Amino acid sequence: MPREKKEVVMPSKKSNIIYENWKVYSKAHKLMFRCNEKKAQWYLKRELATLLPKETRSIKLTFEAKGDGHKKGDYMVEDRSNICISCGGDQYLTIHHVVPEMYRHWMPLAVKSKSSRDLLLLCKHCHNGYEDKAMKFKKQCVNRFNIPLEGHGWVYLPHYKVAKKAASALIRSADKIPQDRQQVLKDTVLKFWNEYRKEVKEKEAVHSDKEEEITSGNKGEETVTEETVGDGNEDWDTILEKCSLLEDHFRGSDFIEHGNKVIQQLTKNCVRNDRGQETWPDLEGFIKEWRQHFLDHIDPKFLSELWTVDGDIYTR
Ligand SMILES: [Zn+2]
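Residues numbered from 1 in each chain as written. Predicted model: local features only at pLDDT ≥ 70, side-chain atom pairs only at ≥ 80, totals over all residues. Heavy atoms only, no water.

Asks: Tell me about the sheet that holds strand β3 (residues 49-51), and name the residues and values.
Replies: The strand order across the open sheet built from 4 strands is β2-β1-β4-β3, with neighbouring strands paired in mixed fashion. Pairing within the sheet leaves two strands with one partner each, and these edge strands are β2 (31-35) and β3. Between one strand axis and the next, the sheet turns by 30° as a mean value, whatever way the strands run. Pairing geometry for strand β1 (residues 22-25) and strand β4 (residues 58-61), over 3 bridges, is parallel. Residue pairing across strands places valine 24 opposite isoleucine 59, the latter belonging to β4. (Pairing = 2+ DSSP bridges. Helix = DSSP H or I, 4+ residues; strand = E, 2+ residues; numbered from the N terminus. Axes fitted to C-alpha atoms, helices over the stretch in contact; angles between N-to-C directions.)

Below you can see the structure in the form of structure tokens.
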């Protein structure tokens, strides 16, 4: 077959079209998978595929592909509609991750790469309705895997937090705070500021090896009081602003994200299949739990019947 060199004419693209439903056939004319227009163009431009003239939006690979693609009749090779799989609406569509990205991100490539099986279309309304339920499931994972949703290993700086709150209150609503309370807040900020400046100076000295400068004393070393504020140092508004923007917690050296720790536990048990490839039975179970949770709570009236909880987990 002569190689197709013409520029391919693409259908007009509308913003609510997410699935472009290009078919990709193997050399032996087996429907292997679906892809979007950009991917089809990628194959065509490199002459790795030719257009199939009798079918719309179809290409045939010119090389023997690794693997055989998806099974005949699998969800991954059928046409997909650009509608919400719950209500059928075609506006404000979003791509929903059936297994939340916070977990998927840490999964082995053989599970997460190139798979759109667990990416389904939901309109914003249906998506928002499901998110509360998904959050409950994530919270159950906190106890089950012994890791808070915000991760483990945060380092908190309580004195930063106190100064930050005091400065923010003074910036936001000083006019509504009684004078004596304002004074307490100002004292809190100034006391913190003097210690903070000392800390910063000491750190700078360590970095630039300027210990001498510290012991010799300079303008920046002097304690700032209400009377001397702005006198060769930052003015009061700058101090307040800097304090209100303080980072009062940060990730320590042993910090670990919730999703990372969950996936670590779920991939501990690794079993080789009959082709010698790694599989993770616990992770498979977790993915299926999310799929089932989604089906139980979303009422997917417009989802293909070929999409099932037991659909393939691995993409190799
Ligand atoms: Zn919807």
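Asks: How would you summarise the pattern of salt bridges if you had to cite specific residues and measurements?
Replies: In the structure shown here, the tally under the stated rule is 8 salt bridges. Here glutamate 101 ties to arginine 104 by a salt bridge, and the two come within 3.4 Å at their closest N and O atoms. You can see glutamate 101 and its partner arginine 104 sitting in helix α2 (residues 101-104), 3 residues apart, about one turn around the helix. Two residues, arginine 291 and aspartate 118, come together in a salt bridge whose shortest N-O distance is 2.9 Å. (Salt bridge = Lys/Arg side-chain N within 4 Å of Asp/Glu carboxyl O.)

Asks: Hey, could you go over the packing of helix α5 (residues 158-173) against helix α8 (residues 236-244) for me, with residue numbers and the actual values?
Replies: For the pair α5 and α8, the least separation of the axes is 7 Å and the interaxial angle reads 125°. When the interaxial angle is binned, α5 and α8 end up oblique. The two elements α5 and α8 meet at a crossing, and its hand is left-handed. Touching Ala163, Lys164, Ala167, Ser168, Leu170 and Ile171 of α5 are Trp236, Leu240, Glu241, Cys243 and Ser244, all from α8. The class makeup of the residues in the contact of α5 with α8 is 7 nonpolar, 2 polar and 2 charged. (Parallel < 35°, antiparallel > 145°, perpendicular 65-115°, else oblique. Left-handed = near helix turned anticlockwise from the far one by under 90°. Contact = heavy atoms within 4.5 Å. Nonpolar A, V, L, I, M, F, W, Y, C, P; charged D, E, K, R; others polar.)

Purely geometric stuff here, so don't read any function into it on its own.
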